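Here's the letter readout for the chains.
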Amino acid sequence: MTKTKFPTKSETVGSYYNLSMKHLIISLSFFLFVFPTFAFPVPELNRQVTDLAQVLSQGTIEKLESTIKAHEEATSNQIAVLIVPSLEGEPIEDVSIQVTDKWKLGQASKDNGVLVLISINDRKMRIEVGSGLEGALTDLVSSRIVKQEMRPRFKQNDYDGGVTAAVNAIIGTINGEYSPSDSDVETNLKNNDPEEIVGGSIAGLVFLFISMSVSGFVGLVLTGVGAFVLLPALIWVFGETFGTILAFILFFIVLFLKRKIGNSGGWGDGGGYFGGGSSWSSGGSDWSSGDSWSGGGGDFSGGGSSGDW
């Protein structure tokens, strides 16, 4: 009679450990494949104008920095210019947020920073506005500055003139002194065909409706796709900043409703889709001293405008 050999406790634990590690490696590989992360190499902030593409003359850089410093001393607003050769394949809006997250322009208590980002090879530009200045430097005015001050000069390869005009217009707007013309002020989304906007809205609502009956990871993806497809319509109606905020709110509302009706699935026990209690600091409040210049801890919420030439 053959005696049955049962695995020892150590063998059982070892097998479970090996199986768990395999599952962990497979899961991590899946997420790395499905959600690739691309980090733009954000340079260190140590001056008001960072020209990595070397398209500005030294005289222009000195004049710009003098103008920006004077404005900062008078108002505490921080304006920075970053010119890069390439966006490394990323959308300029994403790169702009990565830069402002690291540089933290403006005071932490006021969020009064502005970033002018320009990519030479991609021929794209963006004005990113801190949440504390969005009332003065609105998305519409930012769009006017991009289209009326920067684009015409950049088309003629006049980068000195375009960046100078942009900085002067930004400061003039904040001070109530800049009055752009009313021509060519609408954003690309505003110029979209209304039928396309309606079609996108219907498609987004369909995705959201289907996601209500789908649980787990697939349901989460459908919810995100629905909110993303609806984004152009929300921006078309409410503007870039509020439209984006509403898209995020809609995304979380659908997740909340899915959880209420028992279809959320979740990622973890009782933790909803996004677990953890981590938080991040908005940075310190150090200001420039000597030849070194740094951000003061300001926050950005996506306000501003992008364009190309």
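Residues numbered from 1 in each chain as written. Predicted model: local features only at pLDDT ≥ 70, side-chain atom pairs only at ≥ 80, totals over all residues. Heavy atoms only, no water.

Undergrad: So what's going on with the overall build of the protein chain? Residues and values would help.
TA: Summing up its helical and strand segments, the protein chain has 8 helices and 5 strands in all. Counting the 309 residues in the protein chain, one finds 40% classified as buried. Expressed as a percentage of contacts within the protein chain between residues at least 6 apart in sequence, the contacts between residues at least 24 apart total 72%. Accessible surface for the protein chain amounts to roughly 17200 Å². Of this, 59% is attributable to carbon and sulfur atoms. (Helix = DSSP H or I, 4+ residues; strand = E, 2+ residues; numbered from the N terminus. Buried < 20%, exposed > 50% of the residue type's maximum accessible area, 1.4 Å probe, protein only. Contact = heavy atoms within 4.5 Å. Areas by Shrake-Rupley, 256 points an atom, 1.4 Å probe, with all protein chains shown as cover.)

Undergrad: Tell me what's going on with a nonpolar patch on the surface, and back it up with residues and numbers.
TA: A cluster of nonpolar residues, Phe-242, Ile-245, Leu-246, Ile-249, Ile-253, Phe-256 and Leu-257, forms a patch on the protein surface that exposes about 630 Å² of accessible area. Residue classification places Phe-242 among the exposed residues on the basis of a relative accessible area of 56%. (Patch = residues over 30% accessible without salt bridge, like charges linked within 9 Å, V, L, I, M, F, W, Y side chains within 5 Å. Salt bridge = Lys/Arg side-chain N within 4 Å of Asp/Glu carboxyl O.)

Undergrad: Tell me about the packing of helix α2 (residues 58–75) against helix α5 (residues 159–174), and name the residues and values.
TA: Two elements in contact, α2 and α5, have axes whose closest approach is 10 Å; the angle formed by their N-to-C orientations is 10°. One way to sum up the angle between α2 and α5 is to call them roughly parallel. Between α2, through Thr-60, Leu-64, Thr-67, Ile-68 and His-71, and α5, the contact on the second element is made entirely by Asp-160, Val-163, Thr-164, Val-167, Asn-168, Ile-171 and Ile-174. (Axes fitted to C-alpha atoms, helices over the stretch in contact; angles between N-to-C directions. Parallel < 35°, antiparallel > 145°, perpendicular 65-115°, else oblique.)

Undergrad: Could you give an account of the packing of helix α4 (residues 139–155) against α5, naming the residues involved and the relevant values?
TA: As a packed pair, α4 and α5 sit with axes 8 Å apart at the nearest point and diverge in direction by 160°. As far as their axial angle goes, α5 and α4 are roughly antiparallel. Considering only the axes of α4 and α5, their crossing is right-handed. Counted together, Val-141, Ile-145, Glu-149, Met-150, Arg-153 and Phe-154 of α4 and Tyr-159, Gly-161, Gly-162, Val-163, Ala-165, Ala-166, Ala-169, Ile-170 and Thr-173 of α5 form the full contact between these two elements. Classifying every residue of the contact of α4 with α5 by side-chain character gives 10 nonpolar, 3 polar and 2 charged. (Left-handed = near helix turned anticlockwise from the far one by under 90°. Nonpolar A, V, L, I, M, F, W, Y, C, P; charged D, E, K, R; others polar.)

Undergrad: Outline the pairing of strand β3 (residues 113–119), supporting the account with residue identities and numerical values.
TA: The buried fraction of β3 amounts to 7 of the 7 residues, a majority that puts the element mostly inside the structure. Here β3 shows two buried faces, one formed by Gly-113, Leu-115, Leu-117 and Ser-119 and the other by Val-114, Val-116 and Ile-118. Two strands pair when backbone bridges link them, and strand β2 (residues 78–84) and β3 are joined in this way by 7 bridges, in the parallel orientation. Each bridged residue has a counterpart across the sheet, and for Gln-78 the counterpart in β3 is Gly-113. Each parallel crossover has a hand, and for β2 linked through helix α3 (residues 92–103) to β3 it is right-handed. As defined by bridge partners, β3 adjoins strand β4 (residues 124–130) across 6 bridges and the pair is classed as antiparallel. Counterpart to Val-114 in the pairing with β4 is Val-129. Here β3 folds back onto β4 in antiparallel fashion, the turn holding 4 residues, of which Arg-123 has a positive phi close to 55°. (Pairing = 2+ DSSP bridges. Right-handed = clockwise from strand over helix to strand, strands pointing away.)

Undergrad: Provide a residue-level description of the packing of aromatic side chains, including the pertinent values.
TA: Taken as a whole and assessed by the stated rule, the structure comprises 3 aromatic pairs. When the ring of Phe-154 is compared with that of Tyr-159, the centres are 5.3 Å apart and the planes differ by 50°; the resulting orientation is tilted. Judged by its relative accessible area of 0%, Phe-154 is buried. An aromatic cluster is present here, built from Phe-154, Tyr-159 and Trp-309 joined pairwise through their rings. (Phe/Tyr/Trp six-rings, centres within 6.5 Å; stacked < 30°, edge-to-face > 60°.)

Undergrad: Requested: an account of the environment of Gln-156, with residues and values cited.
TA: Its location among the elements puts Gln-156 in the loop between α4 and α5. Linking Gln-156 and Trp-309, residues 153 residues apart in sequence, is a C-alpha distance of 9.6 Å.

Undergrad: Could you give an account of the confidence of the model for the protein chain, naming the residues involved and the relevant values?
TA: On average, residues of the protein chain score 74 in pLDDT, and 65% of them reach the 70 mark or higher. Highest mean pLDDT in the protein chain belongs to strand β1 (residues 49–51) (96); lowest belongs to helix α1 (residues 9–34) (49). Residue range residues 30–37 is modelled with pLDDT below 50. Its contacts to residues more than four positions away, or to other chains, number 4 contacts. (pLDDT = per-residue confidence, 0-100.)

Undergrad: Lay out the nonpolar core in plain terms, naming residues and giving numbers.
TA: Ranked by internal contacts, the top residues of the largest apolar core, which has 32 residues, are Ile-118, Ile-127, Ile-145, Met-150, Val-163 and Ile-170. Those elements giving two or more residues to this core turn out to be α2, β2, β3, β4, α4 and α5. Counting residues per element, this core draws most heavily on α5, at 8 residues. Not counting the four nearest positions on each side in its chain, Ile-118 is found in contact with Leu-82, Ile-83, Val-84, Lys-124, Met-125, Met-150, Phe-154, Val-163 and Trp-309. Listed in part, the 15 residues of the second largest apolar core include Ala-80, Leu-87, Ile-92 and Val-99. (Core = buried A, V, L, I, M, F, W, Y, C linked by side-chain atoms within 4.5 Å.)

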